[in-house]
Amino acid sequence: MIELLLWPLLAGLVLTSIHAYFGLHVLARGVVFVDLSLAQVAALGLTVAILAGHPVHSEAAYWYALAFAIAGAILFATARPYESSLPQEAVIGIVYAVSAALAVIVLDRAPLGAEHIKQILIGSILTVTPSDVGLLVLLYGAIGVLHFVCRRPLTEVSFHPQLVTSLPRGAFVWDIVFYVSFALVVTSSVRIAGVLLVFSYLIVPAGLAGVLVSDLRRRLMLAWGLGALLTALGLYASWSWDLPTGPAIVTAFGAATALVGLGAVARQLTRRRAGIVACGLAIFIGLPLVAFPQVDQPWLDALEDMAPVLQTGFLTSSERATRTEAIESIERARAELARLGALNQDVQWGKVEMEPEKAERLRQYLMGKSEISAGDQLVLRHLRSTAREHQRFGLGLPLFIAGGCGLYALLRRVS
Amino acid sequence: MRRAFYARTFALALTALPAAPHGGLSQEKIRVVTTSADLKSLAEAVGGDRLQVESLTTPEQDPHTFEVKPAQLTRLRNASLIVRIGLDHEPWFARLSSPTVPVVDASKSVRLLQTAIPRLRVERRAHVHAFGNTHYWLDPRNAQPITASILAGLAALRPGEKAAFEANRDRFLSRLEERIAAWEKTLERFRGTKVVVVHDSWAYFADRFGLQIVAAAEPHPGIPPSPAELAMLFKRMRESNVRNLIADPHANPALVQQITAKGGARAVTLLPSGTDYIALFEENVKRLSATLDPD
């Protein structure tokens, strides 16, 4: 695990360090999608490089991408003073859509590479190499030093633009510095981690820190800590639950945001509001069960998995026996399939010697066995739909009535 | 004056003579549209110069994510015959409804591999195709059933020229058979060699030339493998001493690099599609014999 996840973790920490910082700026400027837009412009640069005959992973292609991204950055900086007539978000959106469309047109002329562009946008942080990380450290270190040296004007131009209006040309220059260094960061990060992950690194730690503390310096510290923690959690989840790595980290960021959001809501929750929410929920899930019992009810499926009595309570004793039998049979089949599947893998890899005829029989047996198990699954599904008919009035109707009465009582007390 | 007129008429009649047995209409070429370059090559092998074939995709394009352009749509509508890979290889094809044009599904009489999908999954590794692996043209012997389907489609359009098509096909197949013997001889020393593939597109090729595919690194194209899967792959590659990786041109270079570095394998990129069917195999056999490390 360590051997495989060490470099992705380090890459994640490097990304956190620069993106959490830029995220604070981007949020203050209200240009959340600037990162997606610049990444798309960089991708357009890559496609043009392909058309010019450079392989997609060559140095030349990187410089093409960078040149395009910097051009986009300068465009954004130029558009900022005209905010009142055309909002900057609109410019960013237009640039995104047009460069994505242009990339499709260009790729149509040079089809080899379309896959690679897609892969770059998805990213592959799992397969990052030590030299990738080393280059990022050097580049982002240099940018960090530049931003640290010029921290006063850069902070002012992002956080208090109204104070700099007395020096319009000065503001423009610092906007250019900001956007160009940002373009450099985005172009380099997306190559490693993909658009989605880079966007999450940019917005989530900075955004969450903004919700929790107000002082800028403490916000940056908290964002760094959050980014590092969530990266580690995402990597761990990816390892233990067998998930694609980049999306797992993005989901970890999403889950953290949801937790903070729920926490903020819970803090404002009075008992009465909680009651209204609970009653509303009871109506929301009870009504479909009464009206369409055979439609998928994922909440009930999940509850039944946790507490089977919710289903078995609505079955006859013989149905219950059938259910237990089917479940046991599936369990047995699963265990046997896992064992024989592992054996089959060993045979395939040549770890275990087996005559070809016997190996083929093993494969056939595995296939047949999984079909039989599929039959048991059907039995379970049938029992579930039988139970639903009883749950309709035994569970759905009481829920609906209780929710309705509760809501009526709670709302009447106000008026 | 009059003699000159007769002479000219006679000359005209003479020049018209050789064309006469074919009749006026059949002189026109049959317009065939194929969904892949390989099928174009095979259709040309059967139809010879009686066909005018256009392929909707180039060998470099990914057939799964192809987008049809207006000019191609027109050509598709005006075609006399459409030849496609079939199964679920071209998901975009279903949206181009042109029921008036006869369609040859080249997969019809091919023996398909990996048709069974376990419905109860013990592990996440299950391949993407619902009707069996669709890369059947990568077994050169499958040219036989594919060209048979094309022949049937063409013969239905021009019954009078069936014999000519049959002769073309026989000539092509005997040339191919000769080359297959040569390829099999070149690859003989790799028989039984264990290889890892990046995508599941080499089942037929491996089946024909006796390579043994032990795993696909990226079972779902476009979805990177999870760390646990990758770790398992490296462990198994080291344990079983698997030293060869077959990649496609579309494969993620970062993944290929990682497998060669950590799994200790050498990678060879094979082409899944080409504009000349026989040349495609020549190239792949050449690349394989240059890089592969026999077990």
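From a predicted model like this one, the values you see are computed outputs, not experimental measurements.

Q: I'm lost on the interface of chain B and chain A in this one. Help?
A: Where interface size is given, it is often the accessible area lost as the parts come together that is meant. Opposite the 32 residues of chain B that make contact, chain A presents 31 residues. Mapped onto the side of chain B that touches chain A, the elements with two or more residues apiece are helix H7 (227–239) and helix H8 (253–262) of chain B. The leading source of residues in the side of chain B that touches chain A is H7(B), at seven residues.

Q: Explanation requested: the pairing of strand E3 (residues 81–84) of chain B in the structure shown.
A: The side chains of a regular strand alternate, residue by residue, between the two faces of the sheet. All names here are of chain B. Residue alternation in E3 divides its side chains into two sets, Leu81 and Val83 and Ile82 and Arg84, and both sets are buried. Pairing analysis gives three bridges linking strand E1 (residues 30–34) to E3, with the strands arranged parallel. What sits directly across from Val33, in E3, is Ile82. Sheet topology note: the E3/strand E4 (residues 103–105) ladder contains three bridges and is parallel. Across the sheet, residue Ile82 finds its bridge partner in E4, namely Val103.

Q: Looking at this structure, how should I read the domain arrangement of chain A?
A: What the domain assignment reports for chain A is domain 1 (2–267) and domain 2 (271–414). Summarising the inter-unit geometry, the C-alpha centres of domain 1 of chain A and domain 2 of chain A are found 42 Å apart.

Q: Please explain the sheet that holds E1(B) as it appears in this structure.
A: Across a sheet, paired strands are connected by hydrogen bonds in the backbone, their directions being either parallel or antiparallel. Residue and element names in this part refer to chain B. The four strands lie next to each other as E2-E1-E3-E4, forming an open sheet whose pairing is parallel. Edge strands, defined here as strands with exactly one partner in the open sheet, are strand E2 (51–55) and E4. Sheet twist, expressed as the mean angle between neighbouring strand axes with direction ignored, is 20°. Packing against the sheet, helix H4 (residues 143–157) makes contact with E1, E3 and E4, and its axis sits at approximately 170° to E3.

Q: In this structure, what is going on with the domain arrangement of chain B? I would like to understand it.
A: All names here are of chain B. The domain boundaries assigned to chain B delineate domain 1 (25–111 + 127–183) and domain 2 (188–291). Summarising the inter-unit geometry, the C-alpha centres of domain 1 and domain 2 are found 27 Å apart. Listed as interface residues are 22 residues of domain 1 and, on the opposing side, 24 residues of domain 2. For the side of domain 1 that touches domain 2, the secondary structure elements donating two or more residues are helix H2 (37–47) and helix H5 (162–186). It is H2 that contributes the most residues to the side of domain 1 that touches domain 2, four residues altogether. When grouped by side-chain class, the residues that make up the side of domain 1 that touches domain 2 number 10 nonpolar, six polar and six charged.

Procedures and definitions
Within any chain, residue numbers begin from 1 and follow the written order of that chain's sequence. For naming, the first written chain is A and the first written ligand is 1, with later ones following in the order written. Reporting in this predicted model follows two pLDDT cut-offs: at least 70 for local features of residues, and 80 or more for side-chain atom pairs to be given and counted; totals over whole chains, interfaces and linings ignore these cut-offs and use all residues. Placing a C-beta atom from the backbone of each residue, one calls two residues in contact when those atoms lie within 7 Å. To qualify as a helix, a DSSP run of H or I must reach at least 4 residues; to qualify as a strand, a run of E must reach at least 2; elements of each kind are numbered from the N terminus. Exposed residues have 12 or fewer other C-beta atoms within 10 Å of their own C-beta, buried residues have 20 or more, and residues in between are partly exposed; the C-beta atoms are placed from the backbone. Here, any two strands with at least 2 DSSP bridges between them count as paired. Where each domain begins and ends is defined by an automated method or by a domain database. Comment: axis = line fitted to C-alpha atoms, over the contacting stretch for helices; angle = value between 0 and 180 degrees taken between N-to-C directions. Think of it as three bins: nonpolar holds Ala, Val, Leu, Ile, Met, Phe, Trp, Tyr, Cys and Pro, charged holds Asp, Glu, Lys and Arg, and polar takes everything else, Gly as well.

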